[in-house]
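Take a look at the letters that make up each chain.
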Amino acid sequence: PYRLEAAKQGAEKAGVAWELAEDCIRGGHELQAIYQKLGLEHARSHSSIDGYDYWTIVDVSPLMPQGLLDIFWRPKRSSPEYFRQFNSATVLLLPGLSSDGRDRILVAGSKVSQRVSCSNFGREAINGAKVSWDVVIQGHVRARGTFKARIPQGAVTPIGRVQFAVPALSHPGEMKLRVSIDGTKVHNEWTFYCFPERWSRAKLAS
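Okay, so let's go over this structure.

Reading the values: the criteria
- Starting from 1, residues in each chain are numbered consecutively following that chain's sequence as written.
- Predicted model: local features are reported for residues with pLDDT of at least 70 only, side-chain atom pairs are reported and counted for 80 or more only, and whole-chain, interface and lining totals are derived from all residues.
- Each side-chain value is worked out from all heavy atoms of the structure, with water and hydrogens disregarded.
- By the convention used here, strands pair only if DSSP detects at least 2 bridges between them.
- The numbering of helices and of strands both runs from the N terminus, where a helix is a DSSP run of H or I of at least 4 residues and a strand a run of E of at least 2.
- Note on definitions: angles span 0 to 180 degrees between N-to-C directions of axes, and those axes are lines fitted to C-alpha atoms, for helices only across the stretch in contact.
- For this analysis, residues touch if any pair of their heavy atoms sits within 4.5 Å.
- Note on definitions: salt bridges are taken to be side-chain nitrogens of Lys or Arg within 4 Å of carboxyl oxygens of Asp or Glu.
- Each residue is placed in one exposure class: buried if its accessible area under a 1.4 Å probe, protein chains only, is under 20% of its type's maximum, exposed if it is over 50%, and partly exposed if it falls in between.

### A word on the sheet that holds strand β2 (residues 105–107)
Hydrogen bonds between backbone groups are what pair the strands of a sheet, and the pairing can be parallel or antiparallel.
Next up, step 1: A sheet is described by the order of its strands in space; here five strands give the open sequence β2-β8-β7-β4-β5, paired in mixed fashion. Edge positions in the sheet fall to β2 and β5 (140–151), since each has one partner strand and no second. Put simply, the sheet's adjacent strands are angled 25° from each other on average, direction ignored.
Next up, step 2: With 10 bridges connecting them, strand β4 (residues 126–137) and β5 associate as antiparallel partners. Its bridge partner lying in β5, I126 is registered against I151.

Given below as structure tokens:
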């Protein structure tokens, strides 16, 4: 460990503005939050796994920043609300999503079809559940739907499918797919990135 003043001096010596160095730290926290979600959802999607132990709740030293919270027990990128989506007794999952993100990049007009599963290790089954989903692009709902499901307790169960076409876009945008069980606090969301349809007359300039 070293003092903040030493870190600032090191950044200055390297010709890096301190604001940029801080952005790198925040970027590391953002990447950590992404992998927290990927890792725990992957674990929850396998019915053969009896449980997991998240490592760790807090950074154990400044040189080992793997904790959910920093060394002073403050949240980093993962808020309680964010972490609860995929680390609760009952969790909604998209088991077909790749872990490398190759299916998170979409072009306008492309068809999306994702299986929805539920890892339910709460106290009881959820019979007659109404599952709602919507697609939000730049703050606007562009598609939505519902389906009914029976969700047993103590299992990972396929419960339905979300299907939609990516709408026409004039600019690249971030898309959120949100899924929830009506009448409960169970919900989850996933981020995709959408781009306008390729222009057939576009060509590289020489």
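Still to come is the rest of the account.
### Concerning the sheet that holds strand β6 (residues 155–165)
Next up, step 1: As summarised here, the arrangement of the three strands in space is β1-β3-β6, forming an open sheet in which the pairing is antiparallel. Two strands bound the open sheet, and with one partner strand each, they are β1 (90–93) and β6. Going across the sheet, the axis of each strand differs from the next one's by a mean of 20°, ignoring polarity.
Next up, step 2: Examined bridge by bridge, β1 and strand β3 (residues 111–120) share four bridges and lie antiparallel to one another. Paired with L93 across the strands is S117, a residue of β3.
Next up, step 3: Strand contacts of helix α2 (residues 18–44): β1, β3 and β6, with the helix running at about 100° to β1, the strand carrying the most contacts.

### Here we look at the pattern of salt bridges
Next up, step 1: With the rule as written, the count across this model stands at 11 salt bridges.
Next up, step 2: Two residues, R74 and D70, come together in a salt bridge whose shortest N-O distance is 2.8 Å.
Next up, step 3: The exposure class assigned to R74 is partly exposed, which follows from its relative accessible area of 46%.
Next up, step 4: Taking relative accessible area as the criterion, D70 reaches 12% and is therefore assigned buried.
Next up, step 5: Residue R178 is joined to D134 by a salt bridge in which the shortest nitrogen-to-oxygen separation is 2.8 Å. One end of the pair, R178, is in strand β7 (residues 173–181); the other, D134, is in strand β4, and 44 residues separate them in sequence.
Next up, step 6: Judged by its relative accessible area of 14%, D134 falls in the buried class.
Next up, step 7: Taken together, the shared-partner salt bridges connect E174, K176 and E189 into one network.

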